[in-house]
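Each chain, letter by letter, is given below.
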Amino acid sequence: MKTVSTMILCAAMALPAATFTAAPAEAKVLERACNKSDRGASRSLCSCIQRVADFELTRSEQKKGAKFFKNPQLAQDTRQSDRSDNEIFWRKWKKFGSSAAASCS
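Just so you know, these numbers come straight off a predicted model, no measurement behind them. (Residues numbered from 1 in each chain as written. Predicted model: local features only at pLDDT ≥ 70, side-chain atom pairs only at ≥ 80, totals over all residues. Heavy atoms only, no water.)

Where do I start with the overall build of the protein chain in this structure?
Of regular secondary structure, the protein chain possesses six helices and zero strands. Ordered by position from N to C terminus, the α and β elements of the protein chain give α-α-α-α-α-α. Each of the 105 residues in the protein chain was classed as buried or not, and the buried ones make up 42%. In the protein chain, 77% of the contacts between residues at least 6 apart in sequence involve partners at least 24 apart. When the accessible surface of the protein chain is split by element, carbon and sulfur atoms take 54% of a total near 6,000 Å². (Helix = DSSP H or I, 4+ residues; strand = E, 2+ residues; numbered from the N terminus. Buried < 20%, exposed > 50% of the residue type's maximum accessible area, 1.4 Å probe, protein only. Contact = heavy atoms within 4.5 Å. Areas by Shrake-Rupley, 256 points an atom, 1.4 Å probe, with all protein chains shown as cover.)

This is the structure:
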């Protein structure tokens, strides 16, 4: 799981700041979770991750994914879940992680 988190964090750095419109401060769920995490990510990396998330994930998907920063086991449980909604979410989350890795490294 640490690898997935690191990949997401690294991916988020490559997006140009002007690529996306700014989200309201209260909507920056992943950026706040990233900044609070103990993974050593910079503010600019966390900001980039949020920009990718704003482009690829719904607000509710961002809220669900933000919990992974505090509880990596939740990500593993979601990934291994047999529930179809978790499977759909996980595919989208993986795509987001790849995009963030490519854009924010």
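Back to the text.
What exactly am I supposed to notice about the pattern of salt bridges here?
Side chains that differ in charge, positive against negative, can pair when their charged atoms come close. Summed over the entire model, instances satisfying the criterion amount to four salt bridges. In this structure, the salt-bridge partner of Arg83 is Asp85, at a minimum N-O distance of 2.5 Å. Classification of Arg83 by relative accessible area gives exposed; the value is 51%. (Salt bridge = Lys/Arg side-chain N within 4 Å of Asp/Glu carboxyl O.)

Honestly, the side chain of Ser37 in this entry has me stumped. Any pointers?
Within the element layout of this structure, Ser37 appears in the loop between helix H2 (29-36) and helix H3 (43-56). At 2.9 Å, the side chain of Ser37 and the backbone oxygen of Cys34 are in polar contact. (Polar contact = N/O pair within 3.5 Å; in protein donor to acceptor, adjacent residues only side chain to side chain.)

Mind showing me how you'd approach the layout of surface pockets here?
Here the idea is plain: a probe the size of a water molecule rolls over the atoms and shows the empty space left. The calculated volume of the largest pocket comes to roughly 180 Å³. Contributing to the lining of the largest pocket are Ala33, Lys36, Ser37, Asp38, Arg39, Ala66, Lys67, Phe69, Lys70 and Pro72. Mapped by element, the contributors of at least two residues to the lining of the largest pocket are H2 and helix H4 (59-70). No other element matches the four residues that H4 contributes to the lining of the largest pocket. Looking at side-chain class alone, the lining of the largest pocket contains four nonpolar, one polar and five charged residues. (1 Å grid on protein atoms, 1.4 Å probe; cavity = no way out; pocket = protein on both sides within 12 Å on 5 of 7 lines; lining within 4 Å. Points joined across faces, edges and corners; volume = space filled by probe spheres on them. Nonpolar A, V, L, I, M, F, W, Y, C, P; charged D, E, K, R; others polar.)

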